[in-house]
Amino acid sequence: MLPAAKRGTPPEQREPRMTVRIRPDLDQLPAYVAGRTVAGSLKLASNEVSAGPLPGVAEAVACAAADAHRYPDIGAARLTEALAAHLDVDLGRIAVGCGSVALCEQLIQITCTAEDTVVYPWRSFEAYPILSRIVGATEVQVPLTAEHAVDLDAMAAAITPRTRLVFVCSPNNPTGPALRRAELERFLDSVPSDVLVVFDEAYREFVTDPDVPDGVELTARYDNVLALRTFSKAYGLAGLRVGYAIGPAHVAEALRKVCIPFSINALGQAAAIASLAAQDEMRARCAAITAERVRVRDELIALGHAVPETQANFVWLPLGDRAGEFNEHCLAERVVVRAFAGSGARITIGDAAENDLLLGAAKSFPLHG
Ligand SMILES: *Cc1c(COP(=O)(O)O)cnc(C)c1O
């Protein structure tokens, strides 16, 4: 035992112990609900592609893994160059992120403080409210139309002098509809030019309707529009976390400023470059999925579900109060869907055999029971 003089302040003279203070508003923060992985069950809950990474990608990752003791390229230069060439845009207009979800957060960080508002459709990508609250921006949620589409007139009406950022998700996750050129251009023409409109097109590669505009083209014509894309969905790299933004150069620069250093890891960068080189295979996979999308949607409609139009790799069942019950029923049938309590269920389109399993489960669900 130490002599008394070295034992420090006697307990009775110490300050009372206190708990480390955390921002109290985080108590109200909703948790991001990830699609569940259940051993022995088919996962159709996270809009992943089931075919795996594209050809050449696993090899590129294995090669990059040999250098895993080195920090990654902080600026993702080779990937940015590959994207610039692929999209035919200037390097300076691209920002790469640790998944496009990280870019969503960076977009709020670079535009909003607590007094500023971010406007987004709801229900839509569940990260929008979470990230807005983490950053501390004020949010305005704009309800979807009766057809489960983003309501652009209502979005335009929700913009005030305090608005700095507007998320437009097309195709909309989790409901599926995409916005058409004419309505979108009318909307963009009405938005004040100092408000950034983020066109979140995580499912762009699955769009088959030629009337759905390409976000990258819109960014060339509107200097307050940014397109957000990801390698997680059609490119099959959800596990490696790479997304990218194309927009005004000063916005891309601000995004790079607030990016967490080295957060786009070396394996992800190598995988994304290799994935870009496998365009034909990616397109063939998307074509198979979009053909299956038509079949699955038609069969679900025949069963009595009011499935909205979809341009993504998923369908939405607006089940309302029965969403939870449908979820349980599918789990019992060994199919994992993504249910949103009281609202509906989102089901990823898989390959034909996977979709047959889902349709089998849907057929035995007593819709009018
Ligand atoms: C999946 C998804 C993203 C994010 O994908 P990352 O894996 O973070 O790149 C962004 N927006 C929407 C609408 C999505 O569905």
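Remember, predicted model here, so these are calculated numbers, not experimental data.

What counts, and where the lines are drawn
Residues numbered from 1 in each chain as written. Predicted model: local features only at pLDDT ≥ 70, side-chain atom pairs only at ≥ 80, totals over all residues. Heavy atoms only, no water. 1 Å grid on protein atoms, 1.4 Å probe; cavity = no way out; pocket = protein on both sides within 12 Å on 5 of 7 lines; lining within 4 Å. Points joined across faces, edges and corners; volume = space filled by probe spheres on them. Helix = DSSP H or I, 4+ residues; strand = E, 2+ residues; numbered from the N terminus. Nonpolar A, V, L, I, M, F, W, Y, C, P; charged D, E, K, R; others polar. Core = buried A, V, L, I, M, F, W, Y, C linked by side-chain atoms within 4.5 Å. Buried < 20%, exposed > 50% of the residue type's maximum accessible area, 1.4 Å probe, protein only. Disulfide = S-S within 2.5 Å. Pairing = 2+ DSSP bridges. Axes fitted to C-alpha atoms, helices over the stretch in contact; angles between N-to-C directions. Contact = heavy atoms within 4.5 Å. Parallel < 35°, antiparallel > 145°, perpendicular 65-115°, else oblique. Left-handed = near helix turned anticlockwise from the far one by under 90°.

1. Focus: the layout of surface pockets
Approximately 520 Å³ is the volume attributed to the largest pocket. For the largest pocket, the lining is made up of 29 residues, of which Tyr32, Ser46, Phe125, Tyr203 and Lys233 are closest to its centre. Sorting the residues of the lining of the largest pocket by element identifies α3 (100–111) and β11 (338–340) as the ones contributing at least two each. When grouped by side-chain class, the residues that make up the lining of the largest pocket number 12 nonpolar, nine polar and eight charged. Within this model, the second largest pocket holds a volume of roughly 340 Å³. Looking at the second largest pocket, it is lined by 18 residues, and the ones nearest its centre are Glu205, Arg229, Gln279, Met282 and Arg283. Elements represented by at least two residues in the lining of the second largest pocket include exactly α2 (77–87) and α10 (279–302).

2. With respect to the nonpolar core
Ranked by internal contacts, the top residues of the largest apolar core, which has 59 residues, are Leu79, Leu83, Phe231 and Phe326. By size, the runner-up hydrophobic cluster in this structure holds 24 residues, among which are Ile108, Tyr120, Val251 and Leu255.

3. Here we look at the state of the cysteines
For the structure shown, the criterion picks out zero disulfides. Cys259 supplies the cysteine sulfur nearest to Cys98, a cysteine that is in no disulfide, at a spacing of 7.9 Å.

4. Focus: the sheet that holds strand β8 (residues 243–246)
Judged by pairing direction, the sheet is mixed, and its seven strands sit side by side in the order β2-β8-β7-β6-β5-β3-β4 without closing on themselves. Lying at the two open borders of the sheet, with one neighbouring strand each, are β2 (94–97) and β4 (138–143). When strand polarity is set aside, the average angle formed by the axes of neighbouring strands in this sheet is 20°. As defined by bridge partners, β2 adjoins β8 across four bridges and the pair is classed as antiparallel. Note on β8: the bridge partner recorded for Ala95 is Ala245. Of the strands in this sheet, β2, β6 (196–200), β7 (225–230) and β8 are in contact with helix α8 (residues 249–258), which crosses β2 at around 25°.

5. Section: the packing of α2 against helix α9 (residues 266–276)
As a packed pair, α2 and α9 sit with axes 9 Å apart at the nearest point and diverge in direction by 20°. Judged by the inter-axis angle, α2 sits roughly parallel to α9. When the axes of α2 and α9 are compared, the crossing they make is left-handed. Contacts from Arg78, Leu79, Ala82, Leu83 and His86 of α2 reach α9 at Gln269, Ala272, Ile273 and Leu276. In terms of residue class, the contact of α2 with α9 is made up of six nonpolar, two polar and one charged.

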